[in-house]
Each structure stands twice: as structure tokens, then as C-alpha cells.
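An overview of the molecular structure
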Amino acid sequence: MGKSQKKFGKGRLDHYYRLAKEKGYRARAAFKILQINQKYDHFLEKSKVVIDLCAAPGSWCQVASALCPANSLIIGVDLAPIKPIPKVITFVEDITSSKCRAQLRQHLKTWKADCVLHDGAPNVGTAWVQDAFTQSELVLQSLKLATEFLMPGGNFVTKVFRSKDYNNLLWVFNQLFNKVDATKPPASRNVSAEIFVVCRGYKAPKKIDPKFLDPRSVFEDLTDPTPNFEAKVFNPEKKKRKRDGYEDGDYLQHKMMSVLDFITNVDPIASLGGMSELTWDVPTVNKDEKSPAEEEDDEEEPSEPKPTPKTEEELKQDLRLVRKLPDTTTEIKEAIKDLKVLGKKDFRGLLKWRLKCRLALGIDSAVKEPTPEPEDPTKDMTEDEKIEYELQTMEEREASRLKRERRRKNEQKTKEITRMQLGMLNPVDIGIEAAQVGSDQLFSLKEVEKSGQIDTLAKGKMNMLAVHEDKKKEVTEIEIGEDPLQDADRLEDELDNMYTKFRERRAEADAKYRMKRLRDEILDEEWNGIEEKPETAESDDDDDDGIIFDEGYQSSDDGEKSDSEEGEPKARKLLTNLDDSKAKINGLSKQAHNFFKQDVFKDVAGLDESDSDDDEAINKIVALRSKQKPSAKASADAQDDVENAPKKTSFEVVKGRKPKNEDSWNTDSDSDEEEPDDKANVDIITAEAMTLAHQIALKEKSKADIIDDSYNRYSMRDRDGLPTWFLDDEDRFSKPVKPITAEAAAAIQSKLRALNARPIKKVMEAQARKKMKATRRITRMRKKSDLIIEDPNKSEKEKAEAIQKLMRKATKKSPKTEVKLVVAKGKNRGIHGRPGGVKGRYKMVDPRMKKEMRALKRNAKK
Ligand SMILES: C[S@@+](CC[C@H](N)C(=O)[O-])C[C@H]1O[C@@H](n2cnc3c(N)ncnc32)[C@H](O)[C@@H]1O
């Protein structure tokens, strides 16, 4: 077998297995009884007569033989033969048989046992429930033998499986012994459901109730003492297998009952559930006996006089009457012949039929007592009061109807929102659905007419379409109640609220999203054309579009304070707010003013004002371009050129510097040295931005093109009154597709590659520290060597030697402090802090790490 460990069903051959082998026990089970014996006062050492039931292969007998006093009588019995054990009598027998009992009696003669052990385990190999049940039966059988052979005060140790019978067994043990303890010795595997019950102090009663030792009564299903007839009637399909045999004293399987009994019985369901057939026999007249149900009735209403029981003749008459009833159809007659095969519907039919029979027999009165009419509250009211009362009730009815309606709608809304949260719908669908919810109301002309809003609508530009005839019919059904338009508004509001909450939740969980929202809030202004006052304009950045600002970047506009100067960095906004769109500029509205600022109107007289503004923006581009060499400075060009672009349009928006030289479009880059920060402050990180930069650098795009591009269908989008979720969606998906050139994409790729190749911050810092230290050392050395050189007391030779010594010392590497590796095993396992006996630097390693290191070294050598 070699060194490898043999495995069995329950796992490895464990510690107790090896220990048993070592100690010469035939089974590891020996340790279970050893541990039990130790725990319970070493009862074996005091036992002179021991019976071991189910003893093979005999390890418990071995233990008993070793522990019991000399000359003790130890008897072992099992289905399997047991190899002889010194001082132990063994025989082969089934412990449930009478032969076993006889043999035991034979061996014991007049003696009684101090201890009965039982470790029986029938290995039937069937289902667990069956296994447990047979085990319990075996336990009860062993208890039976114990009660017969134990002396008063004797002990009984048995193995029990934790099954549903466990509690019943414990109850029986408690009746027969003074002390009953359940224990699971350490030698018993945790995976095993076995448990050992140690019963001490046998009471030795003179007479034992046979029920205590009868498996049928001990293991009867206590959980369901009263049968649920109702379940039997209404769920006849779900039949429960009868494991417990028949009820006491009732060994009939086919139970019958007279139809009359069924009719007169107060519990018809019990009859239907318990009986197999209803017969047309005359019920037996027994004046003394009462049915349990009747007895119960007696207890409940003792004062009520009982009708005198009917004679046989009367009962026969009743039966005839029932038989002739039109309700006693052939179907009913067939059904009562076999109640066990009936279904729910048949039982219902039978119960109805029973009620009719009771009416016919006069058991129940047909005319029920008329329920007292509710008193008319308006009886004593005056005419006015009556009207008032009616109005009030109408209002109440209407209010409750509206409430119901509202609740229904809210439920629908909640459902939709849940669906949205589950990702089953996108918000647009919700909007559509939501609109559909109240579509009747939203587009109800009738309602609008009633509320007097039809005139207002008629004045509008759009003509209302006539509502479809069918729709109209539906509409008329809608009664006047809450304003339907209000309903729709409320629905919209609720959706908005839900969406806001959804956004908040997302922002909480997603830092990236939070940042994006922050930026969006800054940018969340409508494109209103090129701003009027560039000197007060604030820059706009858009991460999506890929141009990043350095934090310290500031406007160079004359007289303008930088953000940093003002303390808190301001949001840089290029766009103006629509709110003040009504403000007049040169007698024109802001929008009109911006419109006339376009190039097309450049030469039109009377628009000089706008020209100057436009020129200023353009000059910025010109100025910056003049500073850059065409290709290398493309990014900086882009920075300024795009300043005037609208948010989220086809190009990136960055803050630019105001050009100092306004005519420098074509001049050389003489300002490079003056404003070296421009390049450093701008970074292009997307292919789109790079493409634009290239285009500008190569003069493929002029300022007019850029401005033209900004007037697209996305720039003038109407955002007024639209729900946030809709706008969010639009912002995400409805934006211009910006062109990308292969060169720009390649440039960005190589840039990113270079970025990735850069050492990480920590490494860079470490390198810088090292460099700094080296520089300091060199400076110190220089100073010292200067001193040496200037020393007049030293000869040239001495000076040279001193400097050489200094150099040696500086270049000498300090010896590396050795780090001792301490393996975390043995006494060092799981310790905190410095391990004992270890000086200097140390490192805790686990044995595996050490092995792995060795393996690595080995592999490296190969
Ligand atoms: C777990 S072993 C007992 C081990 C034993 N205690 C020992 O220490 O070696 C269970 C034994 O119960 C025996 N057994 C099961 N049903 C039995 C029965 N009806 N009569 C006698 N022995 C039975 C089996 O033959 C089996 O040997």
C-alpha cells in the first residue's frame, strides 16, 4: 500500500483508527465506549456483569474485558461471529429474536447485569429515513432486553440516530431510568448522525407498560395527533402514506357510514375525510352512546335541550325522503359509494346536497331570520337635510372611488419603476408607458372642454386631432374628478424624483460617475452662441472630449483675477445662461444678437459690435497658432481654437490665453519663450481632439469651419422642461460623431504607450530621493576636498592621499544588513511580534514560501 493513506467512505483512516491499531482494539469504536466510560464515572470498572448487544467485531467487549473487575461476566452477541476475546462469552444471534433472550438467560442464570451496552447499527443501505427507523427499532429491542436483564440501578448505554424518533426514545428512557444523558464522544465522527444515550439508575419497575417497548406506539407520528380531515377532503390527491399501521382498536380499512348520519352529523368534513362509503342503511339507534362531536356540543351548550332520538321507523322514513329528493341525483348516489376516489368538486357537491337534505328533513330551517333592515337615516330629516345628506354620501363615494383609482395608478407606476430599476425598460419606454397610463385623461377632449382649457388649446399653433370614436366612448366614462393633467404632471414629477434618487444612488456608489456629474453640472448650460464678454468668460472643460487642464491654469485676460487668486477655483463656463436670454444687447434679444454674430453677417452694416466680439475670439486662435510650429504645437492650437466651441459639440473646449500679438497669425514662434506654460498646461488625450489639432495645424480647418461646425442640430437643442433622465440619455447618445484620422489615433496610441511605460509615482519618487542623496554627498565631499586643498599645513602628497581616502570612504558601500528569515512553524506559528532568540532584522515566512523559494532557486540553476 506504500505510504499513501487508504480512504474509506467516511474519509481518511483517522487518528482513532491508528490508535486502535496501536492499542490492539478491533475497531476504532473502542474509543467511544472508553470516552463514555470516562465521562460517566467509570461505570465499567464497577460492572461485574456486562451484556454487549451487537458486539462484533468486539472492540467494546475488549474494553469491557480490560476495565471490568476480574472474574466479571461479559457477554457479547451479534449477528456476525466474534473472534474469541479473553474473559468474554460471545454467541451469534439476532438480538430481536427470542432465541437471543433465551441464550442470554442461559448464560446469566440468576445473575442480573450491571450494564447493558448497545452499539447496533443495521447496515441496510437503504434511504436514511428507513435506516434511522430500523436503528430506532433496534434500540427499543435492546432496551427491552435491558429491562429484562438489568439489575435495579443498572446502566444502559445505547447508540441512537438523531431522527424524528429520537425524542420519543428519550421519553421512554426517562420513564425507566433515573438519569438520561445524551453524549457524542470525540471518537464519534461529526459527520455521523449517531449519538450515545447513557441511561443510569434503572428504576426496575415491577410492571412495564408494554407500550413503552412497542415500536408502534413509541414511534407513532406525534406531530399529527388529530387527523386533518379537511385536508383529506379538499386535497384528496395528496395522500399520506400510513406508516404507523391502523389506529388503536380500529383495524378496518373500509369504513362506512349511513347517509343519514352524514346528514345529521355536525362535522360532515370529518365524515367525508374519514369514511370510505356512505350507505343507505338505517343508522343504529343507540340511546346511550353519543358521538364525540355531540359530546363536545354538550360541553359547549349544556343548557340547550336535546331533541329526543328518532325511532328506527322514523329514520327509515327520513332515508326514503332523502333518496327521493330531486337533489339526490344518480351522480350523488354513485359518488357516495366510494368517497376515496372523489375530488374536490365532488366533495363540494356532496356538502351542498347534505345542506339540501337537512332542509328537507327540517334539521335546518329554510327561511333564515331576516336580517334587520338598516334603519333609514333620512327618515326624520327635512327635505333640505335629505339633499344635504345625499350630496355628502355622493361626495364620499366619489372620494373613495378616486382614492381607489389613485392607488391603482400608483401601483402601476411603482411596477414600471421597478421594471426600470431591474433594467427591463429604459426611461424612454417608461415615459411612453407612463403617458399611456393617463392617455385617456391626457388627451381627453371632453375633460379639456369641461375645464375650459379648450379655448387655450385652440389658440395654439397645433391643431388637435379628433379623438377616435371608441376613445371618446371610453372618455365619457371617466367621471369628473381630479384634474387629469395634474395627474400626468404628478406622474412626471414622481418619475423625475425616482430618477434623481437613482442618480444619487449611482453617484454614491460610483466615484467616476460623481466626477462626471460634477463636471456636467458646471457645463450644464445651453449653448447660446459665442459669449459677449470673453474677458469675463470662464473656461469649459469636457472630459469626454479629451482636453485636460492643469489646475493652475488661469486666464490671462487683462484685469481679470485668476481663479487661484480668488481662492476657490471657479467653474469655468464658456456658455451663458438662458435665463437671462431676455436681456437686451444693442436693442436685440440675446439670441438674436448671437445669431447676427455669425460670419455671414460680418460685413452687414450696423453689426459692428458683434464683429468686434467675434474678432476677439478669432484673434485668440490666431495668436496661439502664431506661437506654435505647425505640427509639434498642434495641441496648443487646438486649445485656443476650440475655446469658442459649444459644449458637447464636435470639438473640445479649452481655456486659451489672450493673444498679446493680435497680428501674429503667420509670425514665427517668438513668443515660445514668453509663454512656455501653454503647451504644458494642455494635454490631448483623445483621438478626436488630436484629429482636430492636426486639422488646425495643417490648416485644413479654419476658424470659420470651427464656428460653422458649432451650429449643428445638437447645439440648439431645446432642453426646456424636459425630464432629467431624458436629457441625460440625450447627452449620452445624441451627440455629433467627431471625425478621427488614422494618424491622430496612432499618435494617441503612442502617447498612451509612453504614459504606460513611465515608472509609477512611487518608483519615481524613490529614484529622485536617491539622486538627491547622491547630490548631497557629492556637495559634502566637494566642501571637504576644498578644505583639504586649502590646508596650508599639508604637503601635496598628503593632500592627494587625504582626498583619495575621502573618495574611498564615499564610494564604499555600506554592508547590507542581513534579514533573517524566520519560518512560522512550531513555536513560531501564529506569534505576533519578534520571535524568541532572533536578533536584528527578521522576516516571518511560512514554510511553503520557503519551499517555493528553494524550488525557484533550483529551477533557476537548471
Ligand atoms: C457498529 S457495529 C458494533 C461495533 C462494536 N460495538 C464494536 O465495538 O466492535 C454494529 C453491529 O451491529 C450488528 N447488528 C445489527 N443488527 C443486529 C441484530 N439485529 N442483532 C445482532 N446484531 C446486530 C451488526 O452485525 C454489527 O456488527
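Read on for a plain summary of the structure. (Residues numbered from 1 in each chain as written. Predicted model: local features only at pLDDT ≥ 70, side-chain atom pairs only at ≥ 80, totals over all residues. Heavy atoms only, no water.)

**Describing the environment of Ser-715**
Applied cut-off: Counting from the N terminus, the helices are DSSP H or I runs at least four residues long and the strands are E runs at least two residues long.
Its location among the elements puts Ser-715 in the loop between helix 28 (703-710) and helix 29 (724-733). Counting along the chain gives 20 residues from Ser-715 to Lys-735, while the straight-line C-alpha distance between them is 9.1 Å.

**Looking at helix 28**
The condition that has to hold: The buried label goes to any residue with under 20% of its type's maximum accessible area, the exposed label to any with over 50%, and the partly exposed label to all in between, with areas taken from a 1.4 Å probe on protein chains only. The directions from the helix axis to the C-beta atoms are what the arc is built from.
Regarding helix 28, the residues found buried are Ile-706, Ile-707 and Ser-710. Taken end-on, helix 28 shows its buried residues confined to a sector of 95°, consistent with a single buried face.

**Observations concerning the nonpolar core**
Put simply, the rule is: Buried residues of nine kinds, namely Ala, Val, Leu, Ile, Met, Phe, Trp, Tyr and Cys, make up a nonpolar core once their side-chain atoms join them within 4.5 Å. In this analysis, two residues are considered to be in contact whenever any of their non-hydrogen atoms come within 4.5 Å of each other.
Counting 40 residues, the largest nonpolar core has Leu-104, Leu-143, Phe-156, Phe-173 and Phe-177 as the members making the most contacts within it. In terms of residues, this core owes the most to one element, helix 5 (residues 128-149), which gives seven residues. Those residues in contact with Phe-156 that sit more than four places away from it in its chain are Val-116, His-118, Val-139, Ser-142, Leu-143, Ala-146, Leu-150, Phe-173, Phe-177, Val-197, Val-198 and Cys-199.

**Regarding a negative patch on the surface**
Spelled out, the test is: The residues that make up patches have over 30% relative accessible area and no salt bridge, and they are joined within 9 Å when like-charged or within 5 Å when they are Val, Leu, Ile, Met, Phe, Trp or Tyr. Per-residue and other accessible areas follow the Shrake-Rupley method at a 1.4 Å probe size, with only the shown protein chains counted as cover for residues. For this analysis, a salt bridge means a side-chain nitrogen from Lys or Arg found within 4 Å of a carboxyl oxygen belonging to Asp or Glu. All tallies of charge rest on Lys and Arg as positive and Asp and Glu as negative; His and the ends of each chain are not included. Lysine's charge is taken at NZ, arginine's at CZ, aspartate's at CG and glutamate's at CD.
Together, Glu-383, Asp-384, Glu-385, Glu-388, Glu-390, Glu-395 and Glu-396 give the surface a local cluster of negative charge. With respect to the helices, strands and loops of the structure, Glu-395 is situated in helix 15 (residues 383-421).

**Focus: the site of the ligand**
Which entries qualify depends on this criterion: Working definition: residue near molecule or strand if any one of its non-hydrogen atoms lies within 4 Å of it. Polar contact criterion, stated in full: a pair of N or O atoms within 3.5 Å, where within protein one must be able to donate a hydrogen and the other to accept it, and residues adjacent in sequence count only if both atoms are side-chain atoms. Residues are grouped as follows: Ala, Val, Leu, Ile, Met, Phe, Trp, Tyr, Cys and Pro are nonpolar; Asp, Glu, Lys and Arg are charged; every other residue, Gly included, is polar.
The ligand sits among 18 residues. The nearest are Ser-59, Trp-60, Asp-78, Asp-94 and Asp-119. Contact between the ligand and Asp-78: an oxygen atom at 2.7 Å from a side-chain N or O atom of the residue. Ile-95 is positioned such that a nitrogen or oxygen atom in its backbone is 3.0 Å from a nitrogen atom of the ligand. Classifying every residue of the shell around the ligand gives 10 nonpolar, three polar and five charged.

**Here's the deal with unusual backbone geometry**
Here the bond from Ala-56 into Pro-57 is cis, since omega is 0°, no more than 30 degrees from zero. Among the secondary structure elements, Pro-57 is positioned in the loop between strand 3 (49-53) and helix 3 (59-67). Backbone geometry places Asn-71, a non-glycine residue, at a positive phi of 65°. Along the chain, Asn-71 falls in the loop between helix 3 and strand 4 (73-78). The phi dihedral of Lys-699 is positive, around 60°, even though this residue is not glycine.

**What to know about the pairing of strand 4**
For clarity, the cut-off: For two strands to be treated as a pair, DSSP must find no fewer than two bridges joining them. Handedness rule for crossovers: strands pointing away from the viewer, path from the first strand over the helix to the second running clockwise, crossover right-handed.
The buried count for strand 4 comes to six of six residues, which makes it a mostly enclosed element. Alternating positions in strand 4 separate into two faces, Leu-73, Ile-75 and Val-77 on one and Ile-74, Gly-76 and Asp-78 on the other, with burial throughout. Judged from the five bridges that link them, strand 3 and strand 4 form a sheet pairing that is parallel. Bridged to Leu-53 within strand 4 is Val-77. As for the winding sense of the linkage, the β-α-β connection from strand 3 through helix 3 to strand 4 is right-handed. Pairing of strand 4 with strand 5 (residues 88-92) involves five bridges; the strand directions are parallel. Residue pairing in the sheet places Gly-76 in a bridge with Thr-90 of strand 5.

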